[in-house]
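Per-entry structural report
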Amino acid sequence: MNADEQAVATLLARYQDALNGSDTAAVMDMYAPDGVFMPQHSPSSVGLAAVEQAYEAVFSAITLTVEFAVAEVRQIAPDWVLARTNSAGSVKIHATGEEGPEANQELFLLQKVDGAWKIARYCFSTTNPPRA
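Predicted model, so just to flag it, every value in this text is computed and none were measured.

So, about the overall build of the protein chain. Tallying secondary structure elements over the protein chain gives three helices and six strands in all. Counting helices and strands in the order they occur from the N terminus, the protein chain gives α-α-β-β-α-β-β-β-β. In terms of overall size, the protein chain behaves like a compact globule, its C-alpha atoms giving a radius of gyration of 14 Å where 132 residues would be expected to give roughly 14 Å. Taken along the three principal axes of its C-alpha coordinates, the protein chain extends 45 × 30 × 25 Å. By residue count, 35% of the 132 residues in the protein chain fall in the buried class. Restricting to contacts in the protein chain with at least 6 residues of sequence separation, those with at least 24 account for 52%. Summed over its atoms, the accessible surface of the protein chain is roughly 7,100 Å², and 54% of this surface lies on carbon and sulfur atoms. In the protein chain, the 8 positive side-chain charges and the 16 negative ones have mean positions that sit 4 Å from each other.

Here it is in structure tokens:
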């Protein structure tokens, strides 16, 4: 990994920690000003206000305990990096108290903004089998 790719890998570890801490402020610090969050089964959240609202909704509904495994980090241009991860762990649903396995594959497009790497686009989909 080159220095930029390593910096992105470090950001992904911070993102994992922010998710596990249900820390919207920490997540938002990692997003680009025009960031887009594309969660499975939901419309895209475009721009910081919409992204923040989406994470607040996620964190009010669930608590995640996940670990990210970085599958690849590739610099595709001087100010752009593509990263692919897999995450696994557990999720607790606040409304029911139910806990279960959580597993996703994630795709990040990161942009260097004012010298710092930021999440420009992020999407994920589950890798858990469908419920019976």
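Here the narrative resumes.
Right, let's talk about the side chain of Ser87 for a bit. Note on placement: Ser87 falls in strand E4 (residues 80–93). Judged by its relative accessible area of 6%, Ser87 is buried. If we ignore the near neighbours within four places in the chain, the residues touching Ser87 are Val66, Glu67, Phe68, Glu102, Ala103, Asn104 and Glu106.

A few words on the nonpolar core. With 27 residues, the main nonpolar core has Tyr15, Tyr55, Phe108 and Ile119 as its most contacted residues. At the level of elements, helix H1 (3–20), helix H2 (24–29), strand E1 (31–38), helix H3 (48–61), strand E3 (62–77), E4, strand E5 (99–113) and strand E6 (116–126) are the ones that each hand at least two residues to this core. With six residues, H1 is the single largest residue contributor to this core. Those residues in contact with Phe108 that lie beyond four places of it in its chain are Leu12, Tyr15, Phe68, Val81, Leu82, Ala83, Thr85, Ile119, Arg121 and Tyr122.

Next up on the list: the sheet that holds E6. Backbone hydrogen bonds are what pair the strands of a sheet, in a parallel or an antiparallel way. Reading across the sheet, the six strands line up as E2-E1-E6-E5-E4-E3 and stay open at both edges, with mixed pairing between neighbours. Only two strands of the sheet have a single neighbouring strand rather than two, namely strand E2 (45–46) and E3. Set on the sheet, H3 makes contact with E1, E2, E3, E4 and E6; between it and E1 the angle comes to about 50°.

Tracing the backbone through its elements, the reader meets Val113 in strand E5. In contact with Val113, other than residues within four places in its own chain, are Ala32, Pro33 and Lys118.

Reading the values: the criteria
Residues numbered from 1 in each chain as written. Predicted model: local features only at pLDDT ≥ 70, side-chain atom pairs only at ≥ 80, totals over all residues. Heavy atoms only, no water. Helix = DSSP H or I, 4+ residues; strand = E, 2+ residues; numbered from the N terminus. Rg over C-alpha atoms; globule rule 2.2 N^0.38 Å. Buried < 20%, exposed > 50% of the residue type's maximum accessible area, 1.4 Å probe, protein only. Contact = heavy atoms within 4.5 Å. Areas by Shrake-Rupley, 256 points an atom, 1.4 Å probe, with all protein chains shown as cover. Lys, Arg positive; Asp, Glu negative; His and termini not counted. Charge placed at Lys NZ, Arg CZ, Asp CG, Glu CD. Core = buried A, V, L, I, M, F, W, Y, C linked by side-chain atoms within 4.5 Å. Pairing = 2+ DSSP bridges. Axes fitted to C-alpha atoms, helices over the stretch in contact; angles between N-to-C directions.

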